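One letter stands for each residue in the lines below.
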Amino acid sequence: MTAPTYLSTRGRAPEIGFAEALLRGMAPDGGLYLPSVWPNRSPAEIAWLQSLPYPELAYEILRLFIGDDLPNGALRAAAERMAAFDDPAVTPCVELEPGLRVLELFHGPTAAFKDLAMQMMAPLTEAALEKRGESLLLLTATSGDTGAAAVRAFAGSQRIRLAVLHPLDRVSPVQRRQMTTSGADNVLNLAVRGDFDDCQRLVKALLADEGLREGQRLSSVNSINWGRLVGQIPYYLAAAKATGGPPRFVVPTGNFGDAFAGWAAQRIGLKAGRLTCAVNANDALARALNEGRYARRPATPTASVSMDVQAPSNFERLVFEASGRDAERTAALFETFAREGAVEIPPDLLAAMRENVEAVSIGEAETSAQIAHAWKAWGRVVCPHTAVALAAAGRVDRAEGPVVALSTAHPAKFPEAVSKALGVEPEAPAQLRGLEGKTERFEVVDADLNAVRAALSALA
Ligand SMILES: *Cc1c(COP(=O)(O)O)cnc(C)c1O
């Protein structure tokens with residue numbers, strides 16, 4: 001099967017195959033990779049994909065975007081990992097009340113939605129390296145869940161070493177333990193004195209560092225990597241089948257990766273309404289879409305810590321698409337943003353984005369009230385990220401179609417926020433039990449490139 005090649009949103013990098021894009025993460029011109037052509041499916045083909053069990057559906061989506069750029073066995077192995085989730089439906093889409101459902105994305109090994117992509121990314125990355133006889137240093141910035149999912153997916157890998165940067169004291173203890181207790185020698189955890197955006201900035205700088213690149217591959221498992229996003233497309237198709245009519249998805253949003261995967265699902269042919277991005281007090285995306293000015297501010301710590309992002313990296317993909325794939329314009333806009341920390345979005349671009357995407361910001365009090373409401377109204381304990389989505393879902397007009405709020409983490413990963421709202425702690429699923437007794441391994445470093453570079457030598 002012929003799959004698309006991949007181009008950069010900034011238009012100054014050569015087009016490459018999927019495997020190469022997977023190993024690179026970010027494009028050398030500072031842009032993000034996207035398929036050169038979206039593989040569009042007919043309604044009948046979409047219906048057929050939706051009829052498949054989840055691992056089969058995931059395999060077919062991988063095939064659309066990878067084709068024979070990787071051995072078929074690797075695609076099969078990646079999709080098979082979905083069969084190990086603790087629910088037979090993998091991503092059950094549960095009705096809360098007529099017209100409102102919640103899409104459970106927390107049935108993987110670290111009980112958060114990032115498992116869905118990361119579990120598939122590991123075998124694909126191994127296969128890409130094997131084909132080239134190479135090894136890889138993976139760098140990732142995390143506000144909690146990405147690091148946990150990455151450690152779980154890549155620990156013990158032969159060809160891959162993994163360095164995870166998290167903001168010191170800004171991830172929950174459960175999240176930290178999931179990252180720091182693997183005992184794997186190919187994993188290094190760094191606790192950075194700073195916020196998530198500092199971690200993301202450091203990773204970006206390291207990825208652009210020619211010296212570090214010398215003699216080894218460097219890449220990232222952040223959602224700037226197209227290989228991550230492709231693993232998040234299948235559940236949008238699966239969920240839309242459960243609703244019967246074209247759904248309106250409400251996505252708890254940080255880096256805009258999950259929401260962009262929903263956008264991509266529509267691009268390949270899924271019928272769905274406008275996407276609603278639910279953000280917390282870190283509302284750069286909402287201000288950009290609602291006010292037309294994309295501006296960075298210092299991150300505010302919230303209960304939905306995995307969404308404490310002020311410069312959502314995947315926003316660039318949306319801008320590129322909304323501009324009619326104008327790489328010059330996209331590059332100019334994000335270069336201005338990088339330089340000045342703020343940029344005006346031209347009205348035509350804004351209008352094009354708003355056709356498909358809207359954003360709502362939910363404050364801390366409303367998030368907490370929604371956790372209480374979910375328990376009272378539906379007998380469900382939800383995590384703060386899910387509560388942000390449910391609160392935003394409450395504002396979506398149900399006359400426009402059935403509403404699906406994405407539930408991105410198991411509540412037991414965030415016991416403090418939940419017990420504050422409900423007075424009881426959520427019960428931990430099997431994945432999260434037994435972490436407390438284990439030895440943790442991490443190093444505290446300043447938010448400084450040289451300090452991080454020095455710490456990385458421990459992985460050599
Ligand atoms: C990462 C994460 C999000 C945000 O997803 P993005 O792709 O960064 O927008 C939401 N909820 C949870 C629990 C997460 O871990």
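Structure: above.
Residues numbered from 1 in each chain as written. Predicted model: local features only at pLDDT ≥ 70, side-chain atom pairs only at ≥ 80, totals over all residues. Heavy atoms only, no water.

Engineer: Looking at this structure, how should I read unusual backbone geometry?
Structural biologist: Excluding glycine, residues mostly have negative phi values, and the peptide bonds linking residues are mostly trans. With phi around 60°, Ala111 is a residue other than glycine that occupies positive phi space. As for its placement among the helices and strands, Ala111 is situated in the loop between strand E4 (100-104) and helix H5 (114-132). The exposure class assigned to Ala111 is buried, which follows from its relative accessible area of 0%. Located in the positive-phi region is Arg325, a residue other than glycine, with phi close to 65°. Within the secondary structure, Arg325 sits in the loop between helix H14 (315-322) and helix H15 (327-340). The class for Arg325 is partly exposed, based on a relative accessible area of 24%. (Helix = DSSP H or I, 4+ residues; strand = E, 2+ residues; numbered from the N terminus. Buried < 20%, exposed > 50% of the residue type's maximum accessible area, 1.4 Å probe, protein only.)

Engineer: Any chance you could explain the site of the ligand here in plain terms?
Structural biologist: The environment of the ligand is formed by 15 residues, the closest being Lys114, Asp145, Gly254, Asn255 and Thr408. Within the backbone of Gly257, an N or O atom sits 3.2 Å from an oxygen atom of the ligand. Protein contacts shield 98% of the accessible area of the ligand, which totals 380 Å² for the unbound molecule. (Near = heavy atom within 4 Å. Polar contact = N/O pair within 3.5 Å; in protein donor to acceptor, adjacent residues only side chain to side chain. Areas by Shrake-Rupley, 256 points an atom, 1.4 Å probe, with all protein chains shown as cover.)

Engineer: Help me out: how do you make sense of the packing of aromatic side chains in this one?
Structural biologist: Describing an aromatic ring pair means giving the distance of the ring centres and the angle of the ring planes. Per the counting criterion, the structure on display carries 15 aromatic pairs. Summarising the aromatic geometry, the rings of Tyr6 and Phe18 are spaced 5.9 Å apart at their centres and angled 70° between planes, so their arrangement reads as edge-to-face. Here Tyr6 is found in strand E1 (residues 6-8), whereas its partner Phe18 is found in helix H1 (residues 18-24), with 12 residues between them in sequence. Each member of the pair, Tyr6 as well as Phe18, is classed as buried. Every member of this aromatic cluster is reached through a ring pair, and the members are Tyr6, Phe18, Trp38, Phe65, Trp226, Phe256, Phe260 and Trp263. (Phe/Tyr/Trp six-rings, centres within 6.5 Å; stacked < 30°, edge-to-face > 60°.)

Engineer: Quick question: what am I supposed to make of the side chain of Gln178 here?
Structural biologist: Mapped onto the secondary structure, Gln178 falls in helix H7 (residues 173-180). What Gln178 contacts, discounting residues up to four positions off in sequence, is Thr110, Ala148, Val151, Lys413, Leu432 and Leu435. (Contact = heavy atoms within 4.5 Å.)

Engineer: What am I meant to see in the sheet that holds strand E14 (residues 403-407) here?
Structural biologist: Across a sheet, strands are paired by hydrogen bonds formed along the backbone, either parallel or antiparallel in direction. An order of E3-E4-E14-E9-E10-E13 is seen for the 6 strands of this open sheet, with the pairing classed as mixed. In the strand order of this sheet, the two ends are held by strand E3 (93-97) and strand E13 (357-361), each with one partner. Recorded for the sheet is a direction-independent mean angle of 25° between the axes of neighbouring strands. As defined by bridge partners, strand E9 (residues 248-252) adjoins strand E10 (residues 275-279) across 3 bridges and the pair is classed as parallel. Bridge pairing in E10 links Val250 to Thr276. Here helix H18 (residues 384-393) sits on the sheet and contacts E3, E4, E9, E10, E13 and E14; the angle it forms with E14, its principal contact strand, is near 165°. (Pairing = 2+ DSSP bridges. Axes fitted to C-alpha atoms, helices over the stretch in contact; angles between N-to-C directions.)

Take it as geometry only, folks, not as evidence of what the structure does.
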